[in-house]
Amino acid sequence: MVKISININDRAYSEEVEDNALLVELLRDKLGLTGTHVGCDTSQCGACVIHIDGNSVKSCTVLAAQVNGKDLTTVEGLASEGKLHPIQKSFQNNHALQCGFCTPGLVMSAVDLLKKNSSPSEDDIREWFEGHICRCTGYKNIIKAVQEAIT
Ligand code: FES
Ligand code: FES
């Protein structure tokens, strides 16, 4: 077991985790932050993306023990005072989801993209989402949602 101290969505946590526990398991199974999804066991779907120290990362590819001392944001931490984050709002406006399973990961990725590139082209957006799979939407409205959030 390893002891870790982390900050998640502006709240401090001290936890004991198995050496081989995945970060996504800690978030979902131990801390109840089930907005972060698991859609594959091959690190391909992107449903598990969160932010670690402000950068989007697939939380199924990181050990919980590796995030000691880090600052994490999950999809639960995006809305503030009951108000959706602008990216969440633009996903809603553009009907950029159907079942919604992929949505938390895409939203977290999109927030990071717009932080790193304030005016991405359609190609930039498509390339950025390369590590995400959505089985429902055909991606068109997801791209539109990000484009709306730019303007
Ligand atoms: S669960 Fe992490 S990429 Fe699919
Ligand atoms: S909305 Fe269903 S997988 Fe993307």
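For the structure, see preceding data.
These numbers come from a predicted model, not from an experiment. (Residues numbered from 1 in each chain as written. Chains lettered and ligands numbered in written order. Predicted model: local features only at pLDDT ≥ 70, side-chain atom pairs only at ≥ 80, totals over all residues. Heavy atoms only, no water.)

Participant: Would you mind going over the side chain of Asp-112 with me for this structure?
Facilitator: Looking at the secondary structure, you find Asp-112 in helix H3 (residues 103-116). Discounting chain neighbours no more than four positions away, the residues touching Asp-112 are His-51, Gly-54, Asn-55, Ser-56 and Trp-128. (Helix = DSSP H or I, 4+ residues; strand = E, 2+ residues; numbered from the N terminus. Contact = heavy atoms within 4.5 Å.)

Participant: Honestly, the packing of helix H2 (residues 86-93) against H3 in this entry has me stumped. Any pointers?
Facilitator: Contact pair H2 / H3: the axes reach a minimum separation of 9 Å and the direction vectors enclose 125°. The orientation of H2 with respect to H3, classified from their angle, is oblique. Between H2 and H3 lies a crossing of right-handed hand. Between H2, through Ile-87, Gln-88 and Phe-91, and H3, the contact on the second element is made entirely by Thr-103, Leu-106, Val-107, Ala-110, Val-111 and Leu-114. Of the residues belonging to the contact of H2 with H3, the class tally is seven nonpolar, two polar and no charged. (Axes fitted to C-alpha atoms, helices over the stretch in contact; angles between N-to-C directions. Parallel < 35°, antiparallel > 145°, perpendicular 65-115°, else oblique. Left-handed = near helix turned anticlockwise from the far one by under 90°. Nonpolar A, V, L, I, M, F, W, Y, C, P; charged D, E, K, R; others polar.)

This is a description of form; function is not addressed.
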